[in-house]
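Summary of the model geometry
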Amino acid sequence: MKKENQEILTAIRLYEIKDIEQIRNVVKDTYTVLDVETTGTMGDMTEIAAIRVDEGQMVDIFHTLVKAKEKIKPVVKQLTGMTDGMLKTAPEWEYIYPQLVAFLGDSILVGHSIDMDLLHIYFKSKSEGKSFTSGPYIDTNMLAHQVVPDVDGHQKYSVQALCEWFQLPCQYFHRALWDCEAEKMLFEILVESYGKIK
């Protein structure tokens with residue numbers, strides 16, 4: 001990872017909420033699940049979704065494709081089903097940015113490896129002359145490593161693998177809105193299961 005990327009990621013991670021009692025309070029209150037899809041590792045953004053959750057209920061949704069400045073890598077096309085043609089009429093970031101910032105507000109964010117999503121948003125905003133500042137967030141990937149045992153060293157911690165491990169009713173993955181919905185359910189069961197799985 002480039003030095004600048006690492007520095008920004010380090011700054012973002014200062015806002016991570018790790019205290020389990022704080023996390024338990026968040027899951028009962030209001031938070032926003034966030035997910036980003038890209039053209040590839042550290043590639044351009046192609047899709048972004050956010051779901052506002054209040055007392056366990058989804059109360060609002062933000063979702064849009066994003067016009068990317070580079071082509072989607074073949075492996076990503078195969079994984080997500082997204083094509084370059086789908087993004088031809090997608091809105092530019094300059095139109096998405098103010099709507100996204102307004103939707104997120106000062107809400108606590110939740111997501112799987114969400115620090116990387118926030119890094120993508122930071123650099124996408126910077127490339128368009130915008131400023132994006134991260135706030136407090138909870139990383140379900142980090143939480144899962146504390147909750148789900150890796151008994152034989154082969155446990156996978158992707159959203160899909162964890163949903164299957166917990167037998168959650170998630171059928172679709174690798175698109176921003178689908179992943180937000182899955183991550184909401186995953187967040188809830190991780191908090192509920194904290195300290196109970198041996």
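Since we're looking at a predicted model, the values are computed, not measured.

Bringing the packing of aromatic side chains into the picture now. By convention here, two paired aromatic rings are described through the distance between centres and the angle between planes. In total, this model carries five aromatic pairs according to the counting rule given. With a centroid separation of 5.1 Å and an interplanar angle of 80 degrees, the aromatic rings of Y31 and F187 are classed as edge-to-face. In this pair, Y31 is assigned in strand 1 (residues 30–38) and F187 in helix 8 (residues 176–193), connecting sequence segments 156 residues apart. Judged on exposure class, the residue Y31 and its partner F187 are both buried. Its end group placed over the ring of F103, R52 keeps NZ or CZ at 4.5 Å from the ring centre.

Before going further, it helps to spend a moment on the side chain of R175. Mapped onto the secondary structure, R175 falls in the loop between helix 7 (159–165) and helix 8. By relative accessible area, R175 is classed as buried at 15%. For R175, the residues in contact, after removing those within four places along its chain, are D35, E37, E47, L65, T80, M82 and M86.

This part is about the environment of D54. In this fold, D54 is placed in strand 2 (residues 45–54). Counting along the chain gives 63 residues from D54 to D117, while the straight-line C-alpha distance between them is 22 Å. Aside from chain neighbours lying at most four places away, what touches D54 is D29, T30 and V59.

Moving on, we get to helix 1 (residues 3–13). For an α-helix, 3.6 residues make a turn, and residues three or four places apart therefore share a direction. Of the positions making up helix 1, those classed as buried are N5, I8, L9 and I12. Angular distribution of buried residues about the axis of helix 1 spans 100 degrees; they occupy a single face of the element.

Analysis parameters
- Residue indices begin from 1 for each chain and proceed along its sequence in written order.
- Whole-chain, interface and lining totals are the exception, using all residues; otherwise, since this is a predicted model, local features are given only for residues with pLDDT of at least 70 and side-chain atom pairs are given and counted only at 80 or more.
- Think of the side-chain values as coming from all heavy atoms in the structure, minus any hydrogens and water.
- Two rings from Phe, Tyr or Trp (for Trp, the six-membered ring) form a pair when their centres are within 6.5 Å of each other. A pair whose planes differ by under 30 degrees is stacked, one over 60 is edge-to-face, and the rest are tilted.
- Think of it this way: any DSSP run of H or I at least four residues long counts as a helix, any run of E at least two long counts as a strand, and we number them from the N terminus.
- The classification of residues rests on relative accessible area computed with a 1.4 Å probe and restricted to protein chains. Under 20% of the type maximum is buried, over 50% is exposed, and intermediate values are partly exposed.
- Remark: a charge is flagged as sitting over a ring if the NZ atom of Lys or the CZ atom of Arg is within 6 Å of the ring centre and within 35 degrees of the ring normal.
- The contact rule is simple, with two residues in contact once any of their heavy atoms fall within 4.5 Å.
- Taking the helix axis as origin, the arc is that swept by the directions to the C-beta atoms.

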